[in-house]
Amino acid sequence: MALEQLDSTAAPEDTDSIQAPDIGGPSVIPLDGGETFEYTLASNSFGHYCVPVDLADTKEAVSVTAAAVPELSTVELICRKMGKGDLITGSTGFGAFLPAFH
Amino acid sequence: MIHGFEPTETAFGAASFTTRLNGLENVNLHNVIAGKRARDFPKARLVDRNPEDDKATGPVSFVEMKKLDTIVPQGRYVSVIHLKSYSMEMPALLGAKRIVQDCAPLLVMKAPRTRTQRFFLSCLQAHFPDLKYQFAGVMDENAIFVPLNCA
């Protein structure tokens, strides 16, 4: 990266005028029926997750929100045994296992 | 290939977004509940609710119930079935008789209680006697069942 580019991305001295983006606040997804739901994003070593606010207190949501992998032993067993075959999984919930199974 | 199902709309919408967030291309998600036969399934049975609340919400709404045998295309080799589905694990499996008979998959089914594990094993031995499913332990509240006779 050129020095000028580094300079242009350096933090300005006067930060009072900068509007900070809302990080970690809930966003909204529309559903087919016209309803919506609020969600936050979370990540762990396998990927990223859309966690509905309504499901935030489920075991899987608490786990991925803490950047952990829910049911790691089970995930490892399933991945090992899948081989080149297909996996049927459900109910998926918000997809807490999908990135690991992929 | 991953064949996933999720009956509630919010969780299905979130799972679809999780799939997109991670660029997962080999995931087929279905907004259904898996069961023994195709029919409409009352959404109220998907969550713990006060029956009085249901009266106040008006008409009963339904989600589509489908057999896993119809969700998964014929000819796919399924090596693992992972079920944790609103206490519908065994009906879901009985809707997958073709898959189980043809593929003899490893079964991972939510069953935190010993009674449930025994019930699952007796059902497996009754419905799939040729495969000789064995209880192979519990992991994260999931019972593991392994076929001794592979297809």
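Residues numbered from 1 in each chain as written. Chains lettered and ligands numbered in written order. Predicted model: local features only at pLDDT ≥ 70, side-chain atom pairs only at ≥ 80, totals over all residues.

### Topic: the pairing of strand E3 (residues 47-52) of chain A
Residue and element names in this part refer to chain A. Where strand E2 (residues 36-44) lies against E3, six bridges are found, and the strand directions are antiparallel. Residue Ser43 lies in a different strand from E3, and its bridge partner there is His48. Following E2, the chain reverses through two residues before pairing antiparallel with E3. (Pairing = 2+ DSSP bridges. Helix = DSSP H or I, 4+ residues; strand = E, 2+ residues; numbered from the N terminus.)

### Structural notes on helix H3 (residues 72-82) of chain A
Within the span of H3 of chain A, buried status applies to Thr74, Val75, Leu77 and Ile78 of chain A. The arc that holds the buried residues of H3 of chain A, viewed along the axis, is 165°, so those residues lie on one side. For H3 of chain A, exposure combined with an orientation more than 90 degrees from the buried face picks out Ser73 and Arg80 of chain A. Those residues of H3 of chain A hidden inside the fold are in contact with strand E4 (86-90) and helix H4 (98-101) of chain A together with strand E6 (78-83), strand E7 (106-110), strand E8 (133-139) and strand E9 (142-147) of chain B. (Buried ≥ 20, exposed ≤ 12 C-beta atoms within 10 Å, placed from the backbone. Arc of directions from axis to C-beta. Contact = placed C-beta atoms within 7 Å.)

### Topic: the interface of chain A and chain B
Contact residues are listed per partner, giving 36 residues for chain A and 41 residues for chain B. Among the secondary structure elements, those contributing two or more residues to the side of chain A that touches chain B are E2, E3, H3, E4 and H4 of chain A. Of the residues that constitute the side of chain A that touches chain B, the class distribution is 18 nonpolar, 14 polar and four charged. Of the strand pairs in this sheet, E4 of chain A and E6 of chain B are connected by five bridges, and their pairing is parallel. Bridging from a neighbouring strand, Ile88 of chain A pairs with Ile81 of chain B of E6 of chain B. (Nonpolar A, V, L, I, M, F, W, Y, C, P; charged D, E, K, R; others polar.)

### Focus: the confidence of the model for chain B
All names here are of chain B. Residue-level pLDDT values for chain B average 89, and 90% of them are 70 or greater. Across chain B, element-level confidence peaks in E6 with a mean pLDDT of 98 and bottoms out in helix H2 (residues 51-56) with 47. Taken as a whole, residues 48-54 scores under 50 in pLDDT and shows three contacts with residues more than four places along the chain or in a different chain. Scored as a whole, the predicted complex attains pTM 0.84, and scored at its interfaces, ipTM 0.90. (pLDDT = per-residue confidence, 0-100.)

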